[in-house]
Amino acid sequence: MVSGSQVSSDASELSTVGSNYSSQIEGLASSWKGASFDSISSQAQEVVSGFLDAVKSQMESFASACDLYQQYSDAKAAYEVAAQNYNTAVANDDQAAMNSYAYQRRQNQEKMEKLKKEILSALQSCSSPTLTANAVSGTVSAAPMSTSGGGGASSSSAVVQGAIDWALAVAADDNYGYSMDMGARWGNPSYDCSSLVISAYDAAGTGVKEAGASYTGNMRSAFTQRGFEWIPGQPDMSTLQPGDVLLDEATHTEMYIGNGMNVGAHDNFDKADGDSAGNEINVSEYSAHHWDGVLRYVGDNNTTQQENG
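Here we summarise the structure given alongside this text.

The rules behind these values
- Residues numbered from 1 in each chain as written.
- Predicted model: local features only at pLDDT ≥ 70, side-chain atom pairs only at ≥ 80, totals over all residues.
- Heavy atoms only, no water.
- Helix = DSSP H or I, 4+ residues; strand = E, 2+ residues; numbered from the N terminus.
- Buried < 20%, exposed > 50% of the residue type's maximum accessible area, 1.4 Å probe, protein only.
- Contact = heavy atoms within 4.5 Å.
- Areas by Shrake-Rupley, 256 points an atom, 1.4 Å probe, with all protein chains shown as cover.
- Salt bridge = Lys/Arg side-chain N within 4 Å of Asp/Glu carboxyl O.
- Pairing = 2+ DSSP bridges.
- Axes fitted to C-alpha atoms, helices over the stretch in contact; angles between N-to-C directions.
- Parallel < 35°, antiparallel > 145°, perpendicular 65-115°, else oblique.
- Left-handed = near helix turned anticlockwise from the far one by under 90°.
- Nonpolar A, V, L, I, M, F, W, Y, C, P; charged D, E, K, R; others polar.

**As for the overall build of the chain**
Each helix and strand in the chain was counted, giving 7 helices and 10 strands. Looking at the 309 residues of the chain, the share that counts as buried comes to 43%. Restricting to contacts in the chain with at least 6 residues of sequence separation, those with at least 24 account for 64%. On the chain, roughly 15100 Å² of surface is accessible, and the fraction owed to carbon and sulfur atoms is 49%.

**What about unusual backbone geometry?**
Of note, the amide linkage connecting N188 to P189 takes the cis form, showing an omega dihedral of 5 degrees. Structurally, P189 can be placed in the loop between β3 (177–178) and β4 (190–191). Positioned with a positive phi, D93 is a non-glycine residue whose angle comes to about 55 degrees. With respect to the helices and strands, D93 occurs in the loop between α3 (37–91) and α4 (95–127). Even without being glycine, N259 reaches a positive phi, approximately 55 degrees. Here N259 shows up in the loop between β7 (252–258) and β8 (261–265).

**Considerations on the pattern of salt bridges**
It is possible for side chains bearing opposite charge to pair when their charged atoms get close. Under the criterion given, the structure shown has 6 salt bridges. A salt bridge links E118 to K114, with the nearest nitrogen and oxygen atoms 2.5 Å apart. Of the two residues, E118 and K114 both sit in helix α4, 4 residues apart, roughly one turn of that helix. Overall, the relative accessible area of 52% leaves K114 in the exposed class.

**Quick look at the environment of S238**
Among the structural elements, S238 can be located in the loop between β5 (228–232) and β6 (245–248). Since its relative accessible area comes to 30%, S238 is described here as partly exposed. Separated by 20 residues in the primary sequence, S238 and G258 have C-alpha atoms spaced 10.0 Å apart.

**Observations concerning the environment of A222**
Turning to its location among the elements, A222 is positioned in helix α7 (residues 216–223). The class for A222 is buried, based on a relative accessible area of 0%. Between the C-alpha atoms of A222 and V208, which are 14 residues apart in sequence, the distance is 5.8 Å. Here A222 is in contact with V208, A211, G212 and A213, once residues within four sequence places are set aside.

**With respect to the sheet that holds β6**
A sheet is described by the order of its strands in space; here 6 strands give the open sequence β5-β10-β6-β7-β8-β9, paired in antiparallel fashion. Each edge of the open sheet is held by one strand with a lone partner, namely β5 and β9 (281–285). With direction set aside, neighbouring strand axes in the sheet form an average angle of 30 degrees. Pairing of β6 with β7, which is carried by 4 bridges, proceeds in the antiparallel orientation.

**Topic: the packing of helix α6 (residues 193–203) against α7**
Viewed as axis vectors pointing N to C, α6 and α7 meet at an angle of 20 degrees, and their least axial separation amounts to 10 Å. By the angle class used here, α6 and α7 are roughly parallel. The hand of the α6/α7 crossing is left-handed. Contact residues: C193, S194, V197, I198 and Y201 in α6; T216, M219 and F223 in α7. When the residues that make up the contact of α6 with α7 are grouped by side-chain class, the tally is 6 nonpolar, 2 polar and no charged.

**With respect to the packing of helix α5 (residues 158–172) against α6**
At a minimum axis distance of 8 Å, the contact between α5 and α6 shows a crossing angle of 130 degrees. On the basis of the axis angle, α5 is oblique to α6. For the element pair α5 and α6, the recorded crossing hand is right-handed. Across the interface between the two elements, V159, V160, A163, W166, A167 and V170 from α5 touch L196, S199, A200, Y201 and A203 from α6.

Structure (structure tokens):
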């Protein structure tokens, strides 16, 4: 996991980048002069400054998410130790130890829940900043900045953002747990991996349920009828875009949300109702699972692809 301190250090380097850009802009004065140079130069400086400020803000939010995730991992490890010790105390019929470890377990579980919400908030903060700057031709607004793992461009689609927001809201609500039971897996009150992703995009207005999406095995067929393209093969994370559906047609699916993170439903680890384990439906680091390919929303007016798979 990348550290928050490393991201913060990289963000601090942006001031050097800004100075270099500014010097190059000012350098135009020696080779070109015109009545409007001062105005153009000033506006160019504003664009550079505004862009770098937006990037720095995004990186700082991601650094915060990284630090919070480390705290979450520590709390989870402490929770698991307390749970093991509690089970040992039960086996030994040691009531005092049972009470102590039950308290430790509860405290760490509450800490995990608090941190999970803070992580989601930090990730949402770094996934949606926009840049507004005065350009030569007037006022322009840039598209949302990329939250892809690397080279992939961020989608400006309201459909994609709606699906991501819906899935994150479910992951943050521990009333929803994991279940493959047909009577419970559509949010009453649980989800499994496919019903979570299908429901997220259906809630965003794509109509994938109507097209027949019901489990991993028929998602490709249904999604490509509703504005998605199929990109076959194991993806390189640097090419992923927020909202991409990672699909193993035999066993599993998750949604990539940017910054090297997925949201997905995994398992009912403690066999209890709801997400009492804290990680049945959650945000986690991207895993190079054996994916068959990626379903990417490109819009109803674009040609979808079902071949090549």
